[in-house]
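Listed here are the chains, written in short residue letters.
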Amino acid sequence: MSDDSRKRLAAQLAEAVAEALRADLARQERALLVVSGGSTPVPFFRALAAMALPWSRIDVTLADERWVPESADDSNARLVREHLLQGAAAEATLVPLTTHDPTPEQGAEAVADRLAPLAWPASVVVLGMGGDGHTASLFPDSRELDLALTTDAAAVAVRTPSQPQPRITLSADRLHQARRHVLHITGGDKRAVLARALSGDDVRELPIRAFLACPLATYWAP
C-alpha cells in the first residue's frame, strides 16, 4: 500500500473531474457532481477543492447517505463539507440526502423533490465499492436491492442486515443519469472484487456490475 500512489491517483481524478465540470459549465449554467463517502475519497476531495473552478455554479450531492444527523461522525455530508467544501470550493452548494424525518422511508420523497431541479444528467458520478461488491447503498444483502436497481424514483430508503444504520441511496437509474461514471478504489482486495465482478453478470451478487457497462472509468491504486 503506497500513500504516494494513492495521492497521485487522487490528484489525477481531481484533474479529470475538474476538466469535466469546466466542459459542462462552458455550455450550461450549473453542473452537478455526485460523490461517494468513506475514507478512499478524502485525498480526492482535498485535491479537487484546490482546483480553480466556478464553484458557485456547482452543486454537489451524494450517491448515498446513512440516515444520521449531518453532525454525526459517519455522515457523508459532513465528510464532504470538511474535506471538499473548503476554501474557494465552499462556494459550491451541497445537496444533502437526509431530512429531519425519523426514518429514510418517511424522508425519501422530500429528498427526491430536492434532487429533481438539479442539473441532470450529472457531469460526473464518482462511485466507490465495498469488499462485498456494493456501490452507493446497493448492498447484496439488502431487501431493497431489487427496488433500487429497477425503480425510476431518484432515492430509495435501504435497510441492510450488514449495516447498523438505515440508509438512503440514489437509485441505479438516477446514478446512471450522468455523462461520466468513475469508480475510485484502492488496495489489492478491491481490485480482486472488481476482477470477479467483470467475470460475471449477476448484479444481485455484486451490485457494482450495474455500472460496468456505462462505460466506467476505473481509478485504482495499491
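Residues numbered from 1 in each chain as written. Predicted model: local features only at pLDDT ≥ 70, side-chain atom pairs only at ≥ 80, totals over all residues. Heavy atoms only, no water.

## So, the packing of helix α2 (residues 42–49) against helix α3 (residues 76–83)
Argument step 1. Running from N to C, α2 and α3 point in directions that differ by 40°, and their axes come no closer than 9 Å. Looking at the two axes, α2 sits oblique to α3. Judged by the twist between their axes, the crossing of α2 over α3 is right-handed. When α2 is examined against α3, the residues Val42, Phe45, Arg46 and Ala49 are found in contact with a partner set consisting of Leu79, Val80 and His83.
Argument step 2. In the contact of α2 with α3, the residues fall into five nonpolar, one polar and one charged. (Axes fitted to C-alpha atoms, helices over the stretch in contact; angles between N-to-C directions. Helix = DSSP H or I, 4+ residues; strand = E, 2+ residues; numbered from the N terminus. Parallel < 35°, antiparallel > 145°, perpendicular 65-115°, else oblique. Left-handed = near helix turned anticlockwise from the far one by under 90°. Contact = heavy atoms within 4.5 Å. Nonpolar A, V, L, I, M, F, W, Y, C, P; charged D, E, K, R; others polar.)

## Details of the UniProt feature "domain: Glucosamine/galactosamine-6-phosphate isomerase" (unreviewed entry) in the protein
Argument step 1. Those places that UniProt annotates as "domain: Glucosamine/galactosamine-6-phosphate isomerase" (unreviewed entry) correspond, in this numbering, to residues 5–213.
Argument step 2. The span residues 5–213 carries 34% helix and 16% strand; its end-to-end C-alpha distance comes to 27 Å. (UniProt positions renumbered as here; feature names shortened; annotations may be inferred.)

## A word on the packing of helix α1 (residues 3–25) against α2
Argument step 1. Contact geometry of α1 with α2 gives a least axis separation of 8 Å together with a crossing angle of 50°. Classed by the angle they form, the pair α1 and α2 counts as oblique. The two elements α1 and α2 cross, and the hand of that crossing is right-handed. Along its contact with α1, which presents Ala10, Ala11, Leu13, Ala14, Val17 and Ala18, the element α2 presents Pro43, Phe44, Ala47 and Leu48.
Argument step 2. Residues that form the contact of α1 with α2 fall into these classes: ten nonpolar, no polar and no charged.

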